[in-house]
Amino acid sequence: MKECITPYLTFYGRAKEAAVFYADLFGMKNLGIQTYGESEFPTPEGAEDYVIHCHLKRGNFQLMLADSTEPAPEVPRRGLSLLIDCESEEEIRRLYDALLDEGRRIMELQDTFWGAKYAKVEDRFGFTWDLNYSEDPDQAFE
């Protein structure tokens, strides 16, 4: 097994918007985006412009995105969050503020008992991000 887990995020008609948002926010390169209409995959009517696959990458940090042609679930997804171990206070603040734009604060950005700054935010697409920053490399999540 390779030493990387790549989150594959599912959207419901907003994957193109999310790809632009995440690529800009995290400084990622879009390695490719394809719609259902551009693929040879059977496409339900009205889903021609939905994203069937998108790959974003920055170093070892990767995200993959796609739109589902199924209706969005009535109950929001829970039980998974994506952790970003930030390199500076400026970075954690920038990410926190950007993810809060049209998002929801779950845990305020704050100093923690383990010696780090930490926050939890649900972004505008419904994904939960844990943000961590510690000056002490032994406190980082590596």
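Everything numeric in this text was worked out from a predicted model, so none of it was measured.

K.L.:
Can you walk me through the packing of aromatic side chains in this structure?
P.N.:
Remark: the centre distance and the inter-plane angle together describe each pair of aromatic rings, the angle taken between the planes. Across all of its chains, the model carries twelve aromatic pairs by this definition. Arranged with centres 6.1 Å apart and planes meeting at 20°, the rings of Tyr22 and Phe26 form a pair that is stacked. Taken together, the residues span about one helical turn, with Tyr22 and Phe26 both in helix H1 (residues 15-26) at a distance of four residues. For the residue pair Tyr22 and Phe26, the accessibility class agrees, reading buried in each case. Following the ring pairs from residue to residue traces out a cluster consisting of Phe11, Phe21, Tyr22, Phe26, Phe61, Phe125, Phe127 and Trp129.

K.L.:
Would you mind going over H1 with me for this structure?
P.N.:
At 3.6 residues per turn, the α-helix brings residues three or four places apart onto the same side. With twelve residues, H1 should cover 16 Å at 1.5 Å per step; its first-to-last C-alpha distance of 16 Å lies within 8% of that length. Taken as a whole, H1 has its buried residues at Ala15, Ala18, Ala19, Phe21, Tyr22, Ala23, Leu25 and Phe26. One or two positions beyond H1, positive phi appears at Gly27, with a value near 65°.

K.L.:
Is there a simple way to think about a negative patch on the surface in this case?
P.N.:
On the surface, a cluster of negative charge is made up of Glu38, Glu45, Glu48 and Asp49. With respect to the element layout, Glu45 can be found in the loop between strand S2 (29-35) and strand S3 (51-58). For Glu45, a relative accessible area of 80% gives the class exposed.

K.L.:
For this particular structure, what's the right way to read the nonpolar core?
P.N.:
Taken as a class, soluble globular proteins show a tendency for nonpolar side chains to be buried jointly. Counting 32 residues, the largest nonpolar core has Phe11, Tyr22, Phe26, Leu56, Leu63, Leu65 and Trp129 as the members making the most contacts within it. Looking at this core, the element that brings in the most residues is H1, giving eight residues. Setting aside chain neighbours within four positions, we find Leu56 in contact with Ala19, Tyr22, Ala23, Met28, Lys29, Asn30, Phe61, Gln62, Leu63 and Leu65.

K.L.:
Quick question: what am I supposed to make of the domain arrangement of the protein here?
P.N.:
Size of an interface, as often reported, equals the accessible area lost when the parts are brought together. Once the domains are mapped, the protein shows domain 1 (8-67) and domain 2 (82-133). The partner domain 2 presents eleven residues to the twelve residues of domain 1 that form the contact. Both faces considered, domain 1 and domain 2 share a buried interface measuring about 1100 Å² in area, 73% of it formed by carbon and sulfur atoms. The largest per-residue losses of area from domain 1 upon contact with domain 2 belong to Phe21, Leu25 and Phe26, which jointly make up 44% of the total buried on that side. In this structure, the connection of domain 1 to domain 2 is made through zero salt bridges. Counting every contact that joins domain 1 to domain 2 gives three residue pairs in polar contact (both at pLDDT 80 or more). Secondary-structure elements contributing two or more residues to the side of domain 1 that touches domain 2 are strand S1 (8-11), H1 and strand S4 (61-67). In terms of residue count, the dominant contributor to the side of domain 1 that touches domain 2 is H1 (six residues). Among the residues making up the side of domain 1 that touches domain 2, the classes are represented as nine nonpolar, one polar and two charged.

K.L.:
Help me understand the packing of H1 against helix H2 (residues 89-100), please; the structure alone is not making it clear to me.
P.N.:
Packed helix pairs are characterised by how far apart their axes lie and by the angle those axes make with each other. Where H1 contacts H2, the two axes come as close as 11 Å, and the packing angle between them is 165°. Considering their axes alone, H1 and H2 lie roughly antiparallel with respect to each other. Here H1 runs over H2; the crossing is right-handed. Packed against H1, whose contacting residues are Phe21, Leu25 and Phe26, the element H2 presents Arg94, Leu95, Ala98 and Leu99 at the interface. Split into classes, the residues belonging to the contact of H1 with H2 amount to six nonpolar, no polar and one charged.

The rules behind these values
- Residues numbered from 1 in each chain as written.
- Predicted model: local features only at pLDDT ≥ 70, side-chain atom pairs only at ≥ 80, totals over all residues.
- Heavy atoms only, no water.
- Phe/Tyr/Trp six-rings, centres within 6.5 Å; stacked < 30°, edge-to-face > 60°.
- Helix = DSSP H or I, 4+ residues; strand = E, 2+ residues; numbered from the N terminus.
- Buried < 20%, exposed > 50% of the residue type's maximum accessible area, 1.4 Å probe, protein only.
- Expected span 1.5 Å × (residues − 1).
- Patch = residues over 30% accessible without salt bridge, like charges linked within 9 Å, V, L, I, M, F, W, Y side chains within 5 Å.
- Areas by Shrake-Rupley, 256 points an atom, 1.4 Å probe, with all protein chains shown as cover.
- Salt bridge = Lys/Arg side-chain N within 4 Å of Asp/Glu carboxyl O.
- Lys, Arg positive; Asp, Glu negative; His and termini not counted.
- Charge placed at Lys NZ, Arg CZ, Asp CG, Glu CD.
- Core = buried A, V, L, I, M, F, W, Y, C linked by side-chain atoms within 4.5 Å.
- Contact = heavy atoms within 4.5 Å.
- Domains from an automatic or database assignment.
- Buried area = accessible area lost by both parts, 1.4 Å probe.
- Polar contact = N/O pair within 3.5 Å; in protein donor to acceptor, adjacent residues only side chain to side chain.
- Nonpolar A, V, L, I, M, F, W, Y, C, P; charged D, E, K, R; others polar.
- Axes fitted to C-alpha atoms, helices over the stretch in contact; angles between N-to-C directions.
- Parallel < 35°, antiparallel > 145°, perpendicular 65-115°, else oblique.
- Left-handed = near helix turned anticlockwise from the far one by under 90°.

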